[in-house]
Amino acid sequence: MGLSEYKYFIFFLTLLFMVPVGVFLASTSKFFEKVALFLMIFFTCRMAESIHFVSREFYHGTSRGFEVGLVDLVTIVLFLVIIMRQGKDFKIKLIPPGSFIYFIYFAFSLASITNAYEPLYSYFEILKMVRMYFYFWVLYNYFNSYERIALAIHFIPIIIIYIFAVALYQKYRLGIYQISGPLPHQNSLCMYMTILSTMMFSQLMNEKKASILKSAFIFLMFGMGSLLVFFTLSRAGMVCYIGGCLIVLLLSYASGFEMKKFIITAVIGFGAIIAVAAMINTVLQRFETAPVQSKITRYNLAASALNMANDKFLGIGLNNFGVKVNVPWPYSKHLDKEKDKKYKEGLVETVYLMVAAETGWINLGVFAIFLLYYFIMNLINIFRFVNTEYQYFAIGLAGGLASIYLQSSLEWVLKQSSNFYQLMFCFAIIAAMKDIFKREFAKERRKEKKEHDLQKRRENELDEEEIRRVKTAAANAEANSQLN
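Residues numbered from 1 in each chain as written. Predicted model: local features only at pLDDT ≥ 70, side-chain atom pairs only at ≥ 80, totals over all residues. Heavy atoms only, no water.

Caption draft 1: Quick peek at a nonpolar patch on the surface. Residues Phe219, Phe257, Met259, Phe262, Ile263 and Val267 make up a contiguous nonpolar surface patch of roughly 610 Å² in combined accessible area. Position of phenylalanine 262 relative to the elements: it lies in helix H11 (residues 259-288). What makes phenylalanine 262 partly exposed here is its relative accessible area of 47%. (Patch = residues over 30% accessible without salt bridge, like charges linked within 9 Å, V, L, I, M, F, W, Y side chains within 5 Å. Areas by Shrake-Rupley, 256 points an atom, 1.4 Å probe, with all protein chains shown as cover. Salt bridge = Lys/Arg side-chain N within 4 Å of Asp/Glu carboxyl O. Helix = DSSP H or I, 4+ residues; strand = E, 2+ residues; numbered from the N terminus. Buried < 20%, exposed > 50% of the residue type's maximum accessible area, 1.4 Å probe, protein only.)

This is the structure we're talking about:
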């Protein structure tokens, strides 16, 4: 049995045996329920075991087959647990916040297939979009309490330690110059680590009840995550990551000044100076020796993407950029050299132009609204949770999302499964925080109203008692006057 056949065997064994067992264990044990949640998050960085049905491995596109991974199987487990415990531990909401925007984005993407040369490639990406929404839906419905969201955040250090171990092996054992860890590319790892590291930074700065030992551990996790970002030597990623950390720093101070924050900032600043001194030559070499051809290629691909977006109202077809950027299609005629028919151009290095080229300018607008919707909702969450122990969730996500939104203008890796899953993980937390706050706020308002009504009733009872007393006194006085 070859490696490929072995993977299919493991996959179907897991589907037919482990999923039912997982549902039974997770539905009857809180421990295994937590294990399922952890695996749902962990497997987003470990997609090597994914199966690609009808695989097109040599196609240079954002999807190369009908992909199904272990993360999807674990998501099914938690989905069935939620269904089984509906009404007891979960109150299912069919349409989470932001869903209709995603549905519109999905509809335009689906409609673009009418212009696709290879519709099969488009359906690869359609399945991915369905999987991503399903993942988001399950997490959103699972995160119905602050404690469940906090549990997910507490799994982040385990993932950082795992990725760090893989990266050290790649860098110092295999001698890889730009490490990618368990993810498919160094840019993917850089974007993936940005969210994890900014969340750790926010927790370090803003968690109010953390002990010195816990703060030291979170500091270590933040340091490891930052090293992983710089190990990738992704030029755009490193700059965007620094920007994300600065946003977390500013929002942390804006939420309230504490001596603890000042000390942490000073320690991080001192550590950063040491790290920069140790890595400055490597980082500068990466920026200074970047090939000129890379810049030219980026420009040419961007020009091709603009030609595609301007040519078709619905774009040239979802996941068909890798086809139509080549001859005989006319979108790359701006190239100076005559292209060999066997030569294959790459993908445009910005997710935004990729969306516009494949699905049209209007759908790019919908996609931008989708991203901004959750970003603005998260900013509102920062104000909602002022002076609470949960505010650091929103502050960390603000820095991380700002960083990856900016990085996505220079790289297309947000469309890769690992990074797409992580984005939907962030959106599930943001939407859940909004709903939990509204529910808790409504509960508090009901409690206040109940107390107010009770107080009013007591005052009315006292008033009635006072009236009775006055009337009784008046009646007694009148009776006494008649006797006299």
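So, next bit.
Caption draft 2: Seen up close, helix H8 (residues 186-206). For H8, which comprises 21 residues, the first-to-last C-alpha distance of 30 Å matches the rise-based estimate of 30 Å (1.5 Å per residue) to within 8%. Its axis deflected by about 25° at threonine 194, H8 carries its strongest bend there. (Expected span 1.5 Å × (residues − 1). Bend = angle between axes of the 7 residues up to and from the residue.)

Caption draft 3: Focus on the packing of aromatic side chains. Tallied over the entire structure, the rule returns 38 aromatic pairs. When the centroid spacing of 5.3 Å and the interplanar angle of 55° are considered together, the rings of phenylalanine 103 and tyrosine 133 count as tilted. One end of the pair, phenylalanine 103, is in helix H4 (residues 99-111); the other, tyrosine 133, is in helix H5 (residues 119-142), and 30 residues separate them in sequence. Between tyrosine 146 and phenylalanine 385, the ring centres sit 5.6 Å apart and the planes meet at 90°, which makes this aromatic pair edge-to-face. Placement of the pair is tyrosine 146 in helix H6 (residues 146-154) and phenylalanine 385 in the loop between helix H15 (361-384) and helix H16 (391-407), with a sequence separation of 239 residues. A single burial state applies to tyrosine 146 and to phenylalanine 385, both of which are buried. Of note, arginine 148 hangs over the ring of tyrosine 142, and the distance from its end group to the ring centre comes to 4.8 Å. (Phe/Tyr/Trp six-rings, centres within 6.5 Å; stacked < 30°, edge-to-face > 60°. Lys NZ or Arg CZ within 6 Å of the ring centre and 35° of its normal.)

Caption draft 4: Spotlight on the state of the cysteines. One pass over the full model with this rule turns up zero disulfides. Cysteine cysteine 190 remains unbridged, with the sulfur of cysteine 240 as its closest cysteine sulfur at 7.9 Å. According to the relative accessible area criterion, cysteine 190 is buried, its value standing at 0%. (Disulfide = S-S within 2.5 Å.)

Caption draft 5: View of the nonpolar core. Judged by nonpolar contacts, the single largest core of 123 residues is most densely connected at Leu37, Phe143, Leu401 and Phe427. It is helix H17 (residues 417-483) that contributes the most residues to this core, 14 residues altogether. With near-sequence residues (within four places) excluded, leucine 37 lies in contact with Leu78, Leu139, Tyr142, Phe143, Arg148, Leu151, Ala152 and Phe155. Core analysis: the second largest hydrophobic core is formed by 14 residues, Ala302, Val325, Val348 and Trp412 among them. (Core = buried A, V, L, I, M, F, W, Y, C linked by side-chain atoms within 4.5 Å. Contact = heavy atoms within 4.5 Å.)

Caption draft 6: Representation of the packing of helix H7 (residues 156-173) against helix H9 (residues 212-231) within the structure. Viewed as axis vectors pointing N to C, H7 and H9 meet at an angle of 40°, and their least axial separation amounts to 10 Å. Relative to H9, H7 is oriented oblique. Like other packed secondary-structure pairs, H7 and H9 cross with a definite hand, here left-handed. Taken together, the residues of H9 that come into contact with H7 (itself represented by Pro157, Ile160, Ile161, Ile163, Phe164, Ala167, Leu168, Lys171 and Tyr172) are Phe217, Met221, Met224, Gly225, Leu227, Leu228 and Phe231. Along the lines of polarity and charge, the residues of the contact of H7 with H9 split into 14 nonpolar, one polar and one charged. (Axes fitted to C-alpha atoms, helices over the stretch in contact; angles between N-to-C directions. Parallel < 35°, antiparallel > 145°, perpendicular 65-115°, else oblique. Left-handed = near helix turned anticlockwise from the far one by under 90°. Nonpolar A, V, L, I, M, F, W, Y, C, P; charged D, E, K, R; others polar.)

Caption draft 7: The pattern of salt bridges, seen in detail. Going through the model one piece at a time under the given rule, you end up with twelve salt bridges. Among the ionic pairs, arginine 85 bridges to aspartate 89, the shortest N-O distance being 2.8 Å. Owing to a relative accessible area of 9%, arginine 85 belongs among the buried residues under this scheme. Salt-bridge contacts for lysine 214 lead to glutamate 207; the nearest nitrogen and oxygen are separated by 2.9 Å. Taken together, the shared-partner salt bridges in this structure form one network comprising Lys30, Glu33, Arg85, Asp89 and Arg148.

Caption draft 8: Region of interest: unusual backbone geometry. Backbone torsion omega between valine 327 and proline 328 reads 10°, so that peptide bond is classified as cis. Inspection of the secondary structure assignment puts proline 328 in the loop between helix H13 (321-324) and helix H14 (351-359). At valine 54, a residue that is not glycine, the phi angle is positive and equals roughly 50°. Inspection of the secondary structure puts valine 54 in the loop between strand S1 (51-53) and strand S2 (66-68). Using a relative accessible area of 42% as the deciding quantity, one classes valine 54 as partly exposed. Even without a glycine there, the phi angle at asparagine 387 is positive, about 65°. Assignment of secondary structure puts asparagine 387 in the loop between H15 and H16.

These figures come from the coordinates and say nothing about function on their own.
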